[in-house]
Amino acid sequence: MTGEPSIILLVEDNPDHAELVMRNMEGFNAAIRIIHVENGQEALDYLYGNGEYADRKRYPLPHLMLLDLRLPKVDGLQVLKEVKCSAILRAILVVILTTSDAERILAMACEYHADSYLTKPIDLNDFSTLLVCLGGLLTGPEQTAPLNNA
Amino acid sequence: MSSNQSMDRRVSSQFAWIFVLLAIAIVVTGYLYYHNYEQRFRREIESKFSAIVELKVNELERWRKDHLEHGDIISRIETLSSLVRRAFVDGADPEARRHLQGWFAAYSNSFQYDQIRLLDGNGTTLMSLPIDRPPVSDAIRKHIAEVVHSKQVTMVDFYQNDHDKRIYLNMLIPIRSDQDKSRVIGIIALRIDPEKHLYPLIRFWPIPNRSAETLLVRREGDEALFLNDHKFKKNSALKMRVSLNDVKKPAVQAVLGKEGFVHGKDYRGETVVAYLHTVPGTPWFLVARMDTEEVYAPLKERLWWMVVAVTLLLFSAAAGLGLLWRQQRVQFYRSQYRVERERAWLQGVIARSLNEIYVFDPQSLRFTFINNGALLNIGYSIEEMKNLTACDILPEYTEESLRTSMQPLLDGMQERLVYETKHRRKNGSAYPVEIYLQLVDTADGSVFLAIVNDITVRKLADNEIRQKNAELERFTYTVSHDLKSPLITIKSFSSSIKRDLATGRQDRVETDLERIGAAADKMAERLDDLLELSRIGRIVNAAEPVAMTGLVEEVLTQLAGPLKASRAAVSVQPGLPTVMCDRQRLAEVVQNLLENAVKYMGDQDQPRILFGMREECNSKVFFVQDNGRGIDEKYHQNIFGLFNKLDSKSDGTGIGLALVKRIVEVHGGEVWVESEGCGKGSTFCFTLTEGKRFSEIIHPSQISQR
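Predicted model, so just to flag it, every value in this text is computed and none were measured. (Residues numbered from 1 in each chain as written. Chains lettered and ligands numbered in written order. Predicted model: local features only at pLDDT ≥ 70, side-chain atom pairs only at ≥ 80, totals over all residues. Heavy atoms only, no water.)

**Student:** What am I meant to see in the overall build of chain B here?
**Tutor:** When you go through chain B residue by residue, the secondary structure sums to 19 helices and 23 strands. Residues counted as buried form 43% of the 706 residues belonging to chain B. Taking the intrachain contacts of chain B between residues at least 6 apart in sequence as the baseline, contacts between residues at least 24 apart amount to 56%. In the structure as shown, chain B presents an accessible area of about 38,600 Å², 54% of it carried by carbon and sulfur atoms. (Helix = DSSP H or I, 4+ residues; strand = E, 2+ residues; numbered from the N terminus. Buried < 20%, exposed > 50% of the residue type's maximum accessible area, 1.4 Å probe, protein only. Contact = heavy atoms within 4.5 Å. Areas by Shrake-Rupley, 256 points an atom, 1.4 Å probe, with all protein chains shown as cover.)

Okay, structure coming up:
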């Protein structure tokens, strides 16, 4: 880890659930910065740097994306698919947030190469374990830097 | 077919043979019977002839014998010789002459001699009765010397009298002297007229007849002389002669010593049957004869009757057999007709079956039979099909894989195979089929019988079910997620509060409690919505004619408040039709769409909403058009999903369009949205199927009431 905070993009339409995630993060690590978007379309806009998210300094590419599957406008799976099909965005770790570990949904998520999943309500311990596991995978923003310039 | 014809021919020839055998039997029986009858008849004729002839011969013999004996007695009467001596030898005693005359008279009266003469040794008549006395005939004179010499009574056979030219017999009786027995002193000649007794005796025939006659013949040199008149030739006695060379004549044969039954030709040239017999002690031969024609007339008649009878029998046998044959043929054709009809019936049934039926050869896999149902679907003609093999219409099989798959049938390991595969039509298109394949043993060997169902419809239904299932799965997932979501909120925040209270941090407890309350409300709302959604299609109101204009007006009245608040100008297209539908539900549809239009009007300065209808592809498309925010095309599908909202901050649970969709679908219609994008307004369209599907789903009894 560098001194830079790890960027986490939280895609969650339910403000209560978003709040819960935020609270979970609070006492966790200062080096984590959470950016919250409310729907799939917004998430894609952010990732592609469309419109108000064009400024990569303010809105850098995340290292990790916490993705709710059930989203208004563009569905979570759709977002996952786009991310993992994009050469630029593929490196972003995607953790699916789901209300149930129904096999079919998880199978679909795996098919689209989600990196992991968390079942709501998110347990703090689970979350930290996951972050530790993924820690090695979390890369510094230097990898994405050339892409920023492109 | 051909075997039936040959059987028919065989039966016909059997009948012909039976007839031939029967005919032979009839003819042979007839012949034997006739032959037997003929034999008996001939024997009968023979015995009849012989009886008659023998009777006559006996009579003739006796007649002659009687006469001769009588003559002998006369020759021995002493008185007579004494009278003759006294009257003509020793002088002329008148007394003796008178006595003699008296004796003559008495004798001729009592015996049947027509003339009595007393002759001397030279043949001169000494005395006679009747009295006129022409000289004796030469025939008699010839015998006088002989009689004088032999002193024996002699019968002069039939001769012709020189004087009256008539035929007589004469018995010459020598009268010896009573004094000197060795001396003949006179001869008494007793003339016999054969007409009186002999001829009638000969002529007599005991049975009435036409041609029968009896002839008396004697031999004279090389000739046979007839002694009595012929039946068919008068005055032939002693005149008619036949040369002995003419051996065909019965008379000649008789004279030559033949006796018994003979055939020959008579003096008239007629064929005759004759019975010959010598009359013992006489020079005579008796010939009894009759025309063959007459003798055998009964035989001929019998023959004629036999021919008639045999012919009749033959005819009736032919008729009987013909009748039987005809009956047999009728039966044969009837049964054949029945078989043929059954065959045609069965073939018709099979041909008309809409199941596709294929029969093909196990070796070549070539088709040998294809029914109409198959031809209709596969598109080939029957001639084309007969040049194809099963592989040609099964695109999913190669010849090898097909043969391998059918092997269990050939090995007898399985009785039937079921395939689910595809058939390729002549035009190249394919259709899904289910094939039931059997190996069927027939008289001409084994064949594969494939009964094929076109399962296109089933496949479509299967797909629909699969789609429905997927939809249901999605729905379940959505529902579970959306119900779980508030629960998570409640659970998480309550633990958060617990933690905060433990750490003494109270600043956010209140907001957290509000969050919990809101989540509980949301949960309740969603459950209500779900109940409402499930009620559609489960609880139905009767379909009724609904005037669309009235319905829209009614809904607008209910929405007066929100409409006024939004300042939207609402217009309704005039002349909307009346449709058959569940009025209450349709009102919900209209209400939801209008509410939606108001809700997502955005920051439009002059909001306008139009309810209208347009005709499209023969169906009525109702629409709610607004000039509000509009919807990006990529969201056109998921806005109808349950609890889907494009804007999570907007009011409502996201049930509205899901409800609309459900109601419209229950009515057999479709719902969709048209919008060119953000800020361009949107048009929500829906159709209703007023006909069958709605009635079936909503209220079947409505059909009969309409």
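**Student:** How should the interface of chain B and chain A be read in this particular structure?
**Tutor:** A common measure of how large an interface is: the accessible area buried when the components associate. Every contact between the two is made by 29 residues of chain B and, on the other side, 23 residues of chain A. Between chain B and chain A the total buried area reaches about 2,300 Å² when both faces are included, carbon and sulfur atoms providing 47% of it. Looking at the side of chain B facing chain A, the largest losses of area belong to Tyr477(B), His481(B) and Ile488(B), adding up to 25% of the total buried there. For the pair chain B and chain A, the interface holds 6 residue pairs in polar contact (both at pLDDT 80 or more). Counting residues per element, the ones that place at least two in the side of chain B that touches chain A are helix 12 (456-503) and helix 13 (509-535) of chain B. If one sorts the elements of the side of chain B that touches chain A by residue count, helix 12 of chain B sits on top with 15 residues. Per-class residue counts for the side of chain B that touches chain A are 7 nonpolar, 9 polar and 13 charged. (Buried area = accessible area lost by both parts, 1.4 Å probe. Polar contact = N/O pair within 3.5 Å; in protein donor to acceptor, adjacent residues only side chain to side chain. Nonpolar A, V, L, I, M, F, W, Y, C, P; charged D, E, K, R; others polar.)

**Student:** Explanation requested: the packing of helix 1 (residues 15-26) of chain A against helix 12 of chain B in the structure shown.
**Tutor:** When two helices pack together, you describe them by how their axes are tilted relative to each other and by the distance separating the axes. Helix 12 of chain B packs onto helix 1 of chain A with a crossing angle of 40° between their chain directions and a minimal axis gap of 10 Å. Taken as axis vectors, helix 1 of chain A and helix 12 of chain B run oblique relative to one another. In the packing of helix 1 of chain A onto helix 12 of chain B, the handedness of the crossing is left-handed. Within the contact between the two elements, helix 1 of chain A uses Asp16(A), His17(A), Glu19(A), Leu20(A) and Arg23(A) and helix 12 of chain B uses Ser485(B), Ile488(B), Thr489(B), Ser492(B), Phe493(B), Ser496(B) and Asp500(B). Broken down by class, the residue content of the contact of helix 1 of chain A with helix 12 of chain B amounts to 3 nonpolar, 5 polar and 4 charged. (Axes fitted to C-alpha atoms, helices over the stretch in contact; angles between N-to-C directions. Parallel < 35°, antiparallel > 145°, perpendicular 65-115°, else oblique. Left-handed = near helix turned anticlockwise from the far one by under 90°.)

**Student:** Quick question: what am I supposed to make of the sheet that holds strand 16 (residues 445-454) of chain B here?
**Tutor:** For sheets, the rule is that strands pair by backbone hydrogen bonds, running either parallel or antiparallel. Residues and elements named next belong to chain B. The strand order across the open sheet built from 5 strands is 13-12-16-15-14, with neighbouring strands paired in antiparallel fashion. Every other strand in the sheet has two partners, leaving strand 13 (367-370) and strand 14 (416-424) as the edge strands with one partner each. Neighbour-to-neighbour, the strand axes of the sheet open up by a mean angle of 30°, direction not taken into account. Both strand 15 (residues 430-442) and strand 16 contribute to a ladder of 10 bridges, which runs antiparallel. Note on strand 16: the bridge partner recorded for Ile435 is Val452. Against the sheet, helix 11 (residues 399-410) makes contact with strand 12 (356-360), strand 14, strand 15 and strand 16, and its axis sits at roughly 150° relative to strand 14, the strand it touches most. Each of strand 14, strand 15 and strand 16 touches helix 12; the most contacted strand, strand 15, lies at about 130° to it. (Pairing = 2+ DSSP bridges.)

**Student:** So what exactly am I meant to see when it comes to helix 16 (residues 583-599) of chain B here?
**Tutor:** In an α-helix, one turn spans 3.6 residues; hence positions three or four apart end up facing the same way. Residues and elements named next belong to chain B. Between its terminal C-alpha atoms helix 16 stretches 24 Å, which fits the 24 Å expected from 17 residues at 1.5 Å a residue. Counting buried positions along helix 16 gives 12 out of 17 residues, so the element sits mostly inside the fold. Within the span of helix 16, buried status applies to Arg585, Leu586, Ala587, Glu588, Val589, Val590, Asn592, Leu593, Leu594, Asn596, Ala597 and Val598. (Expected span 1.5 Å × (residues − 1).)

**Student:** Help me understand a nonpolar patch on the surface in this model?
**Tutor:** On the surface, Trp17(B), Val20(B), Leu21(B), Ile24(B), Val28(B), Tyr31(B) and Leu32(B) cluster together into a nonpolar patch covering about 740 Å² of accessible area. As for its position among the elements, Tyr31(B) is in helix 1 (residues 2-75). (Patch = residues over 30% accessible without salt bridge, like charges linked within 9 Å, V, L, I, M, F, W, Y side chains within 5 Å. Salt bridge = Lys/Arg side-chain N within 4 Å of Asp/Glu carboxyl O.)

**Student:** Looking at this model, I keep getting lost on the pairing of strand 1 (residues 6-11) of chain A. Mind explaining?
**Tutor:** Within a regular beta strand, the side chains point alternately toward one face of the sheet and then the other, so they alternate between its two faces. Residues and elements named next belong to chain A. In terms of burial, strand 1 is largely enclosed, as 6 of its 6 residues are buried. Residues Ser6, Ile8 and Leu10 of strand 1 are buried on one face, and the alternating residues Ile7, Leu9 and Val11, pointing to the opposite face, are buried as well. The pairing of strand 1 with strand 2 (residues 32-37) spans 6 bridges and is parallel. Paired with Ser6 across the two strands is Ile32, which belongs to strand 2. Relative to strand 3 (residues 64-68), strand 1 runs parallel, the two sharing 4 bridges. The partner of Ile8 across the bridge, within strand 3, is Leu64.

**Student:** Looking at this model, I keep getting lost on the confidence of the model for chain B. Mind explaining?
**Tutor:** Note that predicted coordinates carrying low pLDDT should not be read in detail. Residue and element names in this part refer to chain B. Here chain B averages 85 in pLDDT, while 95% of its residues score no lower than 70. Contacts of residues 691-706 to residues separated by more than four positions or lying in other chains number 27 contacts, the stretch itself having pLDDT below 50. Under the prediction, the complex receives an ipTM of 0.79, its pTM being 0.48. (pLDDT = per-residue confidence, 0-100.)

**Student:** Would you mind going over the environment of Thr292(B) with me for this structure?
**Tutor:** Residue and element names in this part refer to chain B. Assignment of secondary structure puts Thr292 in helix 7 (residues 292-295). When its relative accessible area of 16% is taken as the criterion, Thr292 is described as buried. Each residue touching Thr292, except ones within four places of it in the same chain, is listed here: Thr271, Val272, Val273 and Ala297. Only 3.2 Å separates the side chain of Thr292 from the backbone nitrogen of Val272, close enough to count as a polar contact.

**Student:** Please clarify how the packing of aromatic side chains should be interpreted in this entry.
**Tutor:** Aromatic ring pairs are defined here through the distance separating the ring centres and the angle between the ring planes. All names here are of chain B. Taken as a whole and judged by the stated rule, the model has 23 aromatic pairs over all chains. Seen from their ring centres, Phe49 and Trp205 are 5.5 Å apart, and the 70° between their planes marks the pair as edge-to-face. Of this pair, Phe49 sits in helix 1 while Trp205 sits in the loop between helix 5 (198-203) and strand 6 (213-220), and the two are 156 residues apart along the sequence. We note that Phe49, like Trp205, is buried. Ring plane angle 40° and centroid distance 5.3 Å describe the contact between Phe360 and Phe448, whose orientation is recorded as tilted. (Phe/Tyr/Trp six-rings, centres within 6.5 Å; stacked < 30°, edge-to-face > 60°.)

**Student:** In this structure, what is going on with the nonpolar core? I would like to understand it.
**Tutor:** In summary, soluble globular proteins display a tendency toward joint burial of nonpolar side chains. Grouped together as the largest cluster of nonpolar side chains are 80 residues, with contacts concentrated most on Leu47(A), Met65(A), Leu67(A), Met548(B), Ile609(B), Phe611(B) and Phe686(B). Looking at this core element by element, the count peaks at 8 residues for helix 16 of chain B. When near neighbours in sequence (up to four residues on either side) are disregarded, Ile609(B) contacts Leu563(B), Ala568(B), Ala569(B), Val570(B), Ser571(B), Leu594(B), Ala597(B), Val598(B), Met601(B), Val624(B), Gln625(B) and Asp626(B). Listed in part, the 60 residues of the second largest apolar core include Leu60(B), Ile202(B), Leu227(B) and Met306(B). (Core = buried A, V, L, I, M, F, W, Y, C linked by side-chain atoms within 4.5 Å.)

**Student:** Any chance you could explain the side chain of Thr683(B) here in plain terms?
**Tutor:** Residue position: Thr683(B) is located in strand 23 (residues 682-687). If we ignore the near neighbours within four places in the chain, the residues touching Thr683(B) are Phe623(B), Val624(B), Gln625(B), Trp672(B), Val673(B) and Glu674(B).

**Student:** Where do I start with the confidence of the model for chain A in this structure?
**Tutor:** Residue-level pLDDT values for chain A average 76, and 82% of them are 70 or greater. Confidence drops under a pLDDT of 50 for residues 139-150 of chain A, and excluding neighbours within four residues, the segment shows 10 contacts in the predicted structure.

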